[in-house]
2 protein chains.
Amino acid sequence: MATSTFEIRLGSYFDSVILMHLQRALLDLPGVLDAGVVMATPANLILMAESDLLPTEAQKANPEDLLIVVRAEEEDQATSAIAAIDDLMAKRRSTSAGKFRPRSLEAAFDILPEARFVLISVPGRYAAGLAEQALRGNRHVFLYSDNVSMEEEASLKAMAQERGLLVMGPDCGTAIVQGIGLGFANRVRSGGVGLIGAAGTGLQAVTSRIHQLGAGISHALGTGGRDLKKEIGGVTALQSLDLLKRDSETRVIVMVSKPPDPEVATKLLSAARNTRKPVVVNFIGYSPPARKLGNLHFASNFNEAASLAVDLLGENNQSTAAGATSARQTGNDRRYIRGLFSGGSLASEALLLLQVMFGKIYSNFGGERLGEPTKAREHTLLDLGEDQFTVGRLHPMIDNDLRLRMFRQEAANPEVAFILLDMVLGEGAHIDPAGEFAPVIAEVLRQHAFDVGVILIGTDEDPQDYDHQRQQLLDAGARVFGNVLEAANAIGSLLGGPSESIVTPVDLEDLAAPLAAINVGLEAFYESLEQQGAKVVQVNWRPPAGGNEKLMSILQKMRD
Amino acid sequence: MATSTFEIRLGSYFDSVILMHLQRALLDLPGVLDAGVVMATPANLILMAESDLLPTEAQKANPEDLLIVVRAEEEDQATSAIAAIDDLMAKRRSTSAGKFRPRSLEAAFDILPEARFVLISVPGRYAAGLAEQALRGNRHVFLYSDNVSMEEEASLKAMAQERGLLVMGPDCGTAIVQGIGLGFANRVRSGGVGLIGAAGTGLQAVTSRIHQLGAGISHALGTGGRDLKKEIGGVTALQSLDLLKRDSETRVIVMVSKPPDPEVATKLLSAARNTRKPVVVNFIGYSPPARKLGNLHFASNFNEAASLAVDLLGENNQSTAAGATSARQTGNDRRYIRGLFSGGSLASEALLLLQVMFGKIYSNFGGERLGEPTKAREHTLLDLGEDQFTVGRLHPMIDNDLRLRMFRQEAANPEVAFILLDMVLGEGAHIDPAGEFAPVIAEVLRQHAFDVGVILIGTDEDPQDYDHQRQQLLDAGARVFGNVLEAANAIGSLLGGPSESIVTPVDLEDLAAPLAAINVGLEAFYESLEQQGAKVVQVNWRPPAGGNEKLMSILQKMRD
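The rules we used
- Residues numbered from 1 in each chain as written.
- Chains lettered and ligands numbered in written order.
- Predicted model: local features only at pLDDT ≥ 70, side-chain atom pairs only at ≥ 80, totals over all residues.
- Buried ≥ 20, exposed ≤ 12 C-beta atoms within 10 Å, placed from the backbone.
- Helix = DSSP H or I, 4+ residues; strand = E, 2+ residues; numbered from the N terminus.
- Pairing = 2+ DSSP bridges.
- Least-squares fit on C-alpha atoms with pLDDT ≥ 70 in both.
- Contact = placed C-beta atoms within 7 Å.
- Domains from an automatic or database assignment.
- Axes fitted to C-alpha atoms, helices over the stretch in contact; angles between N-to-C directions.

Novice: I'd like a rundown of the pairing of strand β12 (residues 279–283) of chain A, residues and numbers included.
Specialist: Residues and elements named next belong to chain A. Within β12, 5 of the 5 residues are buried, which leaves it mostly tucked inside the rest of the structure. Here β12 shows a buried face lined by V279, V281 and F283 and a second buried face lined by V280 and N282. Examined bridge by bridge, strand β11 (residues 252–257) and β12 share 5 bridges and lie parallel to one another. Looking at the pairing, V254 lines up with V280 of β12. When β12 meets strand β14 (residues 296–298), the two strands line up parallel, connected through 3 bridges. Counterpart to V279 in the pairing with β14 is L296.

Shown next, in the form of structure tokens:
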């Protein structure tokens, strides 16, 4: 008949690694059937209960308490297992003794002044303070700890950005700097792919696959899972893009993350276009409007991101950023796109594509909504087939009057650089749309310095005669596109890339120098760095007041 | 010195085509510089003002009024142009006289009893009533009209579904039935691609491109832009999928639309898997988690959807639905998936893929949220690296204890058919995860009839020895996958497709017979059908009380 015994140790902090080892050591003792050694957080209590390791009386334990439960065949076996805990702890301590370990970050800086990175994996409530210390000491931070608040993250990253330092994290599991893995990282060969990823296993899946495909990694920089949220603004991702842009080892960039906040996505994709290197983008759950848009290549999963990156490495990538460089230099103020669509689906596709390239797009059907549907502003796409335009009026695929009027208006607007039209041929539609538009296009192109593009949809059997429609438009001076993607790419080349984003640059040398680091927290990370040949110092960190929350709050009050 | 004159005709209805022709006729009169003939809706008033065609006094016109404005060089030219309106109207009427035109739908049914389709393009406020008449007359409806309410659409489609009839629309611009285009449609050759699309230009772009690529169309069915919203539930799309599934001409199906409501998306993708034909899906702005998942192929724009469809036509498509047919027939109740992940990004990718295949997935990080993170239900994926599990506990990539416990628990659950694990090797991670899991996997597989799959991420240089890890898992009886997509496809084959969706089938003969139709509204559609060789009757429709809203409401009150 099995029996359970437990012990609660009030308010003391233990390293999770020590707890795991204690639990395993208990399981090896005679008669022990199961054992749990955990901090008594609500989640852990539930999990203990599900393993039948939570006697009723043990439920009173608090989150800062250590809970030890042993189930054994006989009661005396359980009792003596619990009694063995202190011995086991002492044993564990003696095996980890050896090398000198400073007790503070400052002391570690003195021992290893060349360390440019501090790895922090202490419990979340202590992590932000340590990260701030590291930044003040002019070190980059790899912040593995989770349970760090959004506010703390924002303020740490703002501080880091000002000083040209990176905060990778919080909740950042993985990075590879100059071939050395920080945290969890696969061993991969060096090569031309530089990566930026939010959390961890995404980066691991892609870097592993790139290695399996025979290529290699320059650097893989982690940002933490919340970096692309509005509150943070993608600080670390933008810094990382800027770094990889300047890094000559990196020939192809891969960005992996969950879908960013829309505003942050715009900044990020602008910055990605600005790198003038091929960038593979895989935002999990984000809808790419095309496989390729300028130098941006969209993948729909990790495996594909890796394959794309390796393919791009093989290609001559000098020309890939051409779109961004051939921007027009007309010297005038004409810089906005106006789209006057008759087809709603074509307008939607154009909206998605142009948003990626130019960020904010106004419209009467999606993106940024116009207050008044006829008052275009900045980049605007209008679907003139929407209900608001078709009450008591024919559809713009039959009657060109409204579009022609608006076309003339927009052409006269000194801010408009490109007017995009669609023209949908076929049954039911106007019998000669190009014939109506061509003279007007020719006329306004003589008057104003801007461009006109037409997406022409139809077949050689359509009653309007596709080729004749096309020729009329070309003769009038319009560009003619066969689909929306073609049009978007052409507009991207003509109007050029977005303006440069401003981040305080991080010193490239910090990535290039042989890796030296300071580790605070999980010993596994220290051991792994040492095995990889990096210089590393482990800080013998203990929480203030031994992790006793009550004592800590008294100490804090005495200081206030 | 130009001058403007206007006239307001109170509360009378005019066909938009007539208005367009009147406006054009006015422009041809001597001295006329510009003219507008529109129903005085708010949007039209704004547009008239922007064309400098809205004298202050004309602003008082109401939406049901006809507004005529003429700007001419001389005042008398403007005045005589306005005076010519009635003559122009009479002229227009006389040219359209000729063939006998019934005044009601019922009369049209008598003239052309074989007509299976009624095209409706009258103003929105009259459209729902006519559509209902058509359904009562046992005819399919092609509803071009917009400005039809969501409630009307829902009730029309419910009525249609019961009777095995289609309501294509409202706001449906395009369909192709047996080679004949309804509404706006391109002339394309006949062939093996069947399409379902929301609105119009999406279908036109894809069908045109398929034709350009040398292939052809069986049928293209429009659903209206709101069919995939929750309120409507995708009725028409589901009916159409069922039709194209049974249609032997259709060898590949293409579905084009804006992103559906999530619930509707699940039903739709289930139905698409059930067709056992290759289905190309292009939901604009929807994030496909893979290029291919079973018989589903995801495209990111219209052009790509067309290319994919044509490629698939060329392939032997007997095998493409194999996944759905090889479903297990174990005869037990084990039917749910449980995922126990250490990697958050891998878990996210798995969630997206499995949602497409199985609909609702519970998790502690996305999809349907679990109330308590340890209480799995139905299909559940857990990310054990989430904050809630890692307070006072090592990350599951270092410490397998929690995952092993949960694995045993789930294996013992008689509802669980597949347990999916990830195993991420590399620096920092557990030195032999497979070594810890393999004996437990072997043990539970001996006890219970279910499957275990492991997504193994790592490289040949990782300290854990990739091949050895893999071999231990295989020896234990687990399936080993190199990435998430591979795992999802395998689970899809094992657990089989979703259950059949229930729609009242539409008679295939209605699509196969030579097209005969009744047209109410835009004459352009009548003319186009006639030119295409279809049998068609135009209804000489006039709104009740000549479109005078006041009179109509008095008539209505007298009836109540």
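Structure shown, so let's carry the discussion forward.
Novice: Can you tell me about the relation of the copies chain A and chain B, naming the residues and giving the values?
Specialist: For the match of chain A to chain B, the screw axis carries a shift of 0.0 Å, the RMSD comes to 0.1 Å, and the turn is 180°. Here the symmetry operator amounts to a two-fold rotation axis. Of every C-alpha in chain A, the one belonging to S287(A) sits nearest the axis of rotation, 2.0 Å from it. A shared binding surface is used by both copies, with 100% of the interface residues of chain A retained as interface residues in chain B.

Novice: Describe unusual backbone geometry, listing the residues and the values that go with them.
Specialist: The bulk of non-glycine residues show a negative phi, and the bulk of peptide bonds are trans. Residues and elements named next belong to chain A. P170 follows G169 through a cis peptide bond whose omega is 5°. Structurally, P170 can be placed in the loop between β6 (167–168) and β7 (174–177). One non-glycine residue, N147, adopts positive backbone phi at about 55°. Residue placement: N147 occurs in the loop between β5 (140–143) and α7 (150–162). Since 14 C-beta atoms lie within 10 Å of it, N147 is described here as partly exposed.

Novice: Let's hear about the interface of chain A and chain B: which residues, and what values?
Specialist: Across the contact, 85 residues belong to chain A and 85 residues belong to chain B. For the side of chain A that touches chain B, the leading source of residues is helix α8 (residues 201–212) of chain A, giving 7 residues.

Novice: Requested: an account of the domain arrangement of chain A, with residues and values cited.
Specialist: When its domains are assigned, chain A resolves into domain 1 (3–96), domain 2 (100–171 + 513–560), domain 3 (174–327 + 499–508) and domain 4 (328–495). Each of domain 2 of chain A and domain 4 of chain A has a C-alpha centre, and the two are 55 Å apart.

Novice: Go over the sheet that holds strand β3 (residues 66–72) of chain A with me, naming the residues and quoting the values.
Specialist: Think of a sheet as strands paired side by side through backbone hydrogen bonds, with each pair either parallel or antiparallel. Residue and element names in this part refer to chain A. The antiparallel open sheet is built from 3 strands, whose spatial order is β1-β3-β2. The sheet is open, and its two borders are formed by β1 (3–9) and β2 (32–39), each paired with just one other strand. The sheet shows a mean angle of 10° between the axes of neighbouring strands, taken without regard to direction. By the bridge criterion, 7 bridges tie β1 to β3 in an arrangement that is antiparallel. Within β3, the position partnered with T5 by the bridge is V70.

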